Amino acid sequence: MDDDKLMVGPSTAFPWTSYILADVPDLETVAAVTNLLRVTEVDGHRLWRYVRIEARVGRPLFFGNA
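Residues numbered from 1 in each chain as written. Predicted model: local features only at pLDDT ≥ 70, side-chain atom pairs only at ≥ 80, totals over all residues. Heavy atoms only, no water.

Caption draft 1: Quick peek at the overall build of the protein. Of regular secondary structure, the protein possesses two helices and two strands. In sequence order, the protein lays out its α and β elements as α-α-β-β. Of the accessible surface of the protein, which amounts to about 6400 Å², a share of 59% is contributed by carbon and sulfur atoms. (Helix = DSSP H or I, 4+ residues; strand = E, 2+ residues; numbered from the N terminus. Areas by Shrake-Rupley, 256 points an atom, 1.4 Å probe, with all protein chains shown as cover.)

Caption draft 2: View of a nonpolar patch on the surface. On the surface, a cluster of nonpolar side chains totalling about 330 Å² of accessible area is made up of Val33, Leu36, Val39 and Ile53. The topology assignment puts isoleucine 53 in the segment after β2 (45–46). (Patch = residues over 30% accessible without salt bridge, like charges linked within 9 Å, V, L, I, M, F, W, Y side chains within 5 Å. Salt bridge = Lys/Arg side-chain N within 4 Å of Asp/Glu carboxyl O.)

Caption draft 3: How the structure looks around the environment of arginine 59. Note on placement: arginine 59 falls in the segment after β2. Accessibility expressed as a relative area gives 67% for arginine 59, which makes it exposed. Linking arginine 59 and aspartate 23, residues 36 residues apart in sequence, is a C-alpha distance of 9.8 Å. (Buried < 20%, exposed > 50% of the residue type's maximum accessible area, 1.4 Å probe, protein only.)

Caption draft 4: The arrangement of the side chain of threonine 34 in detail. Structurally, the position occupied by threonine 34 is in helix α2 (residues 27–39). Classification of threonine 34 by relative accessible area gives buried; the value is 17%. In this structure the side chain of threonine 34 is engaged in a polar contact, spanning 2.9 Å, whose partner is the backbone oxygen of valine 30. The contacts of threonine 34, once residues within four sequence positions are left out, are Ile53 and Ala55. (Polar contact = N/O pair within 3.5 Å; in protein donor to acceptor, adjacent residues only side chain to side chain. Contact = heavy atoms within 4.5 Å.)

Treat this as a map of the structure, not an account of what it does.
Quick look at the structure:
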């Protein structure tokens, strides 16, 4: 993640910021996972009411491919 170069200031959800680094096959997979928050319900409310997700797509992972 390039947050150390591209972001400054406090987290908007401090201290509840988490990062998940995932190697996915394509952009459609990223969109499908993000869409789970739109369609999943908890106690009659969509999950996006409780959780925010930002998907960032970048270059392939550089480790583990030796």
